[in-house]
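Summary of structural features
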Amino acid sequence: QVQLVESGGGLVQAGGSLRLSCAASGRTFTGYTMGWFRQAPGKEREFVACINDSGRSTAYADSVKGRFTVSRDDAKNTLYLQMDSLKPEDTAVYYCARTYRYTSSNRYDYNYWGQGTQVTVSS
């Protein structure tokens, strides 16, 4: 059974930083590209970042490029999202997910999802 559990969300002031973690169960992590998405109230779920199975290839949404960094530690079965220079518009529920593709920003290519963690950035 595939399980993804996010943590690390919270309330932070604009300009601050947070690091999100996504713990994956057993064989659900190694060998797969992993991604981060977010969903703000009343909006569609949107792509944030992804990282391929080797960790050598990453992709970011334009809105977070240069501020967010995705990484992974396969020994710990954990995906990370370092978020710096946070803005109020980054406020959303953040989800980690696993895709069967080499890389994708399309949420419909991701077939396993965590339950999400809330990030709130105050101005």
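Details of the structure are given in the entry above.
Keep in mind the model is a prediction, meaning the values are calculated, not measured. (Residues numbered from 1 in each chain as written. Predicted model: local features only at pLDDT ≥ 70, side-chain atom pairs only at ≥ 80, totals over all residues. Heavy atoms only, no water.)

**What to know about the environment of Y94**
Here is the rule: Secondary structure is summarised from DSSP: a helix means a run of H or I of at least four residues, a strand means a run of E of at least two, and numbering begins at the N terminus for each. Summary of the burial criterion: residues with accessible area below 20% of their type's maximum are buried, those above 50% are exposed, and those between are partly exposed, where the area comes from a 1.4 Å probe applied to protein chains only. A contact between two residues is defined here by any heavy atoms of the two lying within 4.5 Å.
Of note, Y94 is situated in strand β9 (residues 92-99). Residue classification places Y94 among the buried positions, given a relative accessible area of 0%. For the pair Y94 and Q118, spaced 24 residues apart in sequence, the C-alpha separation works out to 6.2 Å. Discounting chain neighbours no more than four positions away, the residues touching Y94 are E6, L20, F37, R38, V48, F68, L81, M83, G116, T117 and V119.

**Some points on unusual backbone geometry**
Backbone geometry at N77 places phi at a positive 50°, although glycine is not the residue there. With respect to the helices and strands, the residue N77 is situated in the loop between β7 (68-73) and β8 (78-83). In this structure N77 comes out as buried when scored by relative accessible area, which is 18%.

**A short note on the state of the cysteines**
Which entries qualify depends on this criterion: The disulfide definition used here is simple: a pair of cysteine sulfur atoms within 2.5 Å.
Inspection of every chain in the model, using the stated rule, returns 1 disulfide. Disulfide partner of C22: C96, at an S-S distance of 2.0 Å. Its torsion about the S-S bond being 50°, the disulfide of C22 and C96 is classed as right-handed. Pair noted here: C22 is in strand β3 (residues 18-24) and C96 is in strand β9, with a separation of 74 residues, a long-range link. You can see C50 has no disulfide; the closest cysteine sulfur is in C96, sitting 13 Å from it.

**What to know about the pattern of salt bridges**
Cut-off, in case you're wondering: A pairing counts as a salt bridge when a side-chain nitrogen of Lys or Arg comes within 4 Å of a carboxyl oxygen of Asp or Glu.
In this structure the tally under the stated criterion is 7 salt bridges. Its salt-bridge partner being R38, residue E46 comes within 2.6 Å of it at the nearest N-O pair. Judged by its relative accessible area of 36%, E46 falls in the partly exposed class. Taking relative accessible area as the criterion, R38 reaches 6% and is therefore assigned buried. Between D90 and R67 there is a salt bridge, with the nearest N and O atoms lying 2.8 Å from each other. Note that D90 is positioned in the loop between β8 and β9 and R67 in the loop between β6 (58-60) and β7, a separation of 23 residues in sequence. The same class applies to D90 and to R67, which are both buried.

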